[in-house]
Amino acid sequence: MCTNGINTGQFTMMLEQMDDQMAVNRRWVHKMAHAAGDAGFDQTDQVLHKVQELLDEARALITDAKDALEQDAEAASGVTVSLT
């Protein structure tokens, strides 16, 4: 469905793809952090765990963006086109 020139279904799918990519990156950072920690690279381990936390925060914001998109689309006063 398009609202005010935005295909909201496609936009939602793109947000979900971004979330999936961040989830993969988070898993790799997590593995790398533990590998660094196991090797005695404590500072690297700490920094990578911080990266992991930031990716968690970014994923939460992507979820917020999906919710906001839905609310914005419902509140839009522009033209809405959908296939039936």
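Right above here is the structure, for reference.
Keep in mind that this is a model prediction, so the values were computed, not measured.

1. Re the pattern of salt bridges
The tally for this structure, following the rule as stated, stands at three salt bridges. Between Asp-56 and Arg-26 there is a salt bridge, with its nearest N and O atoms 2.4 Å apart. With Asp-56 in helix α2 (residues 42-75) and Arg-26 in helix α1 (residues 8-38), this pair connects stretches of sequence that are 30 residues apart. Taking relative accessible area as the criterion, Arg-26 reaches 22% and is therefore assigned partly exposed. Among the ionic pairs, Glu-53 bridges to Lys-50, the shortest N-O distance being 4.0 Å. Separated by three residues within a single helix, Glu-53 and Lys-50 lie in helix α2, roughly one turn from each other. What makes Glu-53 partly exposed here is its relative accessible area of 42%. With relative accessibility at 43%, the residue Lys-50 sits in the partly exposed group.

2. Section: the packing of aromatic side chains
On inspection of all chains with the given rule, the structure shows zero aromatic pairs. Directly above the ring of Trp-28 sits Lys-31, whose terminal nitrogen or CZ lies 5.3 Å from the centroid.

3. Side note on the side chain of Asp-19
In this structure, Asp-19 sits in helix α1. According to the relative accessible area criterion, Asp-19 is buried, its value standing at 14%. In contact with Asp-19, not counting residues within four places along its chain, are Arg-59 and Ile-62.

4. Looking at a nonpolar patch on the surface
Residues Ile-6, Phe-11 and Met-14 make up a contiguous nonpolar surface patch of roughly 250 Å² in combined accessible area. The class of Phe-11 is partly exposed, set by a relative accessible area of 34%.

5. Points about the nonpolar core
Counting residues in hydrophobic clusters, the biggest one holds eight residues: Leu-15, Met-22, Val-29, Ala-33, Leu-48, Leu-55, Ile-62 and Leu-69. Of all the elements in the fold, those that place two or more residues in this core are α1 and α2. What Val-29 contacts, discounting residues up to four positions off in sequence, is Leu-48, Val-51, Gln-52 and Leu-55.

6. So, α1
In a regular helix each residue adds 1.5 Å, so 31 residues correspond to 45 Å; α1 covers 45 Å between its end C-alpha atoms and thus fits that length. Turning to α1, its buried residues number three or more, namely Thr-8, Leu-15, Asp-19, Met-22, Ala-23, Val-29, Ala-33 and Ala-36.

The rules behind these values
- Residues numbered from 1 in each chain as written.
- Predicted model: local features only at pLDDT ≥ 70, side-chain atom pairs only at ≥ 80, totals over all residues.
- Heavy atoms only, no water.
- Salt bridge = Lys/Arg side-chain N within 4 Å of Asp/Glu carboxyl O.
- Helix = DSSP H or I, 4+ residues; strand = E, 2+ residues; numbered from the N terminus.
- Buried < 20%, exposed > 50% of the residue type's maximum accessible area, 1.4 Å probe, protein only.
- Phe/Tyr/Trp six-rings, centres within 6.5 Å; stacked < 30°, edge-to-face > 60°.
- Lys NZ or Arg CZ within 6 Å of the ring centre and 35° of its normal.
- Contact = heavy atoms within 4.5 Å.
- Patch = residues over 30% accessible without salt bridge, like charges linked within 9 Å, V, L, I, M, F, W, Y side chains within 5 Å.
- Areas by Shrake-Rupley, 256 points an atom, 1.4 Å probe, with all protein chains shown as cover.
- Core = buried A, V, L, I, M, F, W, Y, C linked by side-chain atoms within 4.5 Å.
- Expected span 1.5 Å × (residues − 1).

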